[in-house]
Amino acid sequence: SQQGEEDPQALSIQEGENATMNCSYKTSINNLQWYRQNSGRGLVHLILIRSNEREKHSGRLRVTLDTSKKSSSLLITASRAADTASYFCATDEGSNYQLIWGAGTKLIIKP
Amino acid sequence: DAGITQSPRHKVTETGTPVTLRCHQTENHRYMYWYRQDPGHGLRLIHYSYGVKDTDKGEVSDGYSVSRSKTEDFLLTLESATSSQTSVYFCAIRGGRANYLWTFGSGTRLTVV
């Protein structure tokens, strides 16, 4: 069953603007991960945030996690055309040893 | 991706034929996974393995079987391919400290005609 749900499903912004994507999930987790997928390509791991962390940064990426609301957000600052991709959140519940995925947010950066 | 390869990258097959996809890793990780990705869905787990000869079903396992006779290889077989199995298939390995590190293969695009 699908655990994470991303919001919005699609997002189109101008280059240089910030992009924010949200993910909600249903059960307790060990960690939550964000991935990027360029069209027709594989999945690239962006960032992992553990359940006892509230915020994490990696370059232009900022991820927050609110376990009380079972939600996470991914912020991409100063967007670039190369950021055009689909972004997925995936949760690691610790049981069944699997990641459970949302349907993704399709991000388009307009030059 | 480094440490994990999938083959073939693309395949077209006819309905009713068996198909085997291969995932090979060089990381010596214990956990290996097969997911499928379809439009409008995130990845959905087909089968996974937690060791040689140790496998279990995921949420969409019907019509699929797997085998893991050695650590580095995890095979996914479509016993009798159907059009509903047209999809992109991803293999993943899991390891690293506390098993938090996931690495995905580049995917196999399978078309069943």
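Residues numbered from 1 in each chain as written. Chains lettered and ligands numbered in written order. Predicted model: local features only at pLDDT ≥ 70, side-chain atom pairs only at ≥ 80, totals over all residues. Heavy atoms only, no water.

Q: Tell me about the sheet that holds strand 3 (residues 19–24) of chain A, residues and numbers included.
A: Sheet strands pair by backbone hydrogen bonding; their relative direction is either parallel or antiparallel. All names here are of chain A. What the 5 strands build is an open sheet, ordered 1-3-8-7-6; its pairing is antiparallel. Taken across any chain shown, the strands that pair with only one partner, and hence form the sheet edges, are strand 1 (5–7) and strand 6 (55–58). Averaged over all pairs of adjacent strands, the angle between their axes in this sheet comes to 20 degrees, without regard to strand direction. Relative to strand 7 (residues 61–66), strand 6 is paired through 4 bridges, and the arrangement is antiparallel. Paired with Glu55 across the two strands is Thr64, which belongs to strand 7. (Pairing = 2+ DSSP bridges. Helix = DSSP H or I, 4+ residues; strand = E, 2+ residues; numbered from the N terminus. Axes fitted to C-alpha atoms, helices over the stretch in contact; angles between N-to-C directions.)

Q: Explain unusual backbone geometry to me, using residue names and the numbers behind them.
A: A cis geometry characterises the amide bond from Asp7 of chain A onward to Pro8 of chain A, with omega recorded as 0 degrees. Structurally, Pro8 of chain A is set in the loop between strand 1 and strand 2 (10–14). Positive phi, close to 60 degrees, is recorded for Asn28 of chain B, a residue that is not glycine. Structurally, Asn28 of chain B can be placed in the loop between strand 3 (19–25) and strand 4 (31–37). Since its relative accessible area comes to 63%, Asn28 of chain B is described here as exposed. Unlike most non-glycine residues, Lys53 of chain B shows phi in positive territory, near 70 degrees. Looking at the element boundaries, Lys53 of chain B is found in the loop between strand 5 (43–51) and strand 6 (54–57). (Buried < 20%, exposed > 50% of the residue type's maximum accessible area, 1.4 Å probe, protein only.)

Q: Describe the interface of chain B and chain A, with residues and values.
A: The partner chain A presents 21 residues to the 21 residues of chain B that form the contact. In this assembly, chain B packs against chain A so that about 1800 Å² is buried in total across both faces, 51% of it on carbon and sulfur atoms. Looking at the side of chain B facing chain A, the largest losses of area belong to Tyr100, Trp102 and Phe104 of chain B, adding up to 31% of the total buried there. Linking chain B to chain A there are 1 salt bridge. Between Arg94 of chain B and Asp92 of chain A there is a salt bridge, with the nearest N and O atoms lying 3.3 Å from each other. Inspection of the chain B/chain A interface yields 4 residue pairs in polar contact (both at pLDDT 80 or more). (Contact = heavy atoms within 4.5 Å. Buried area = accessible area lost by both parts, 1.4 Å probe. Salt bridge = Lys/Arg side-chain N within 4 Å of Asp/Glu carboxyl O. Polar contact = N/O pair within 3.5 Å; in protein donor to acceptor, adjacent residues only side chain to side chain.)

Everything listed here is a matter of coordinates, which is why it stays silent on function.
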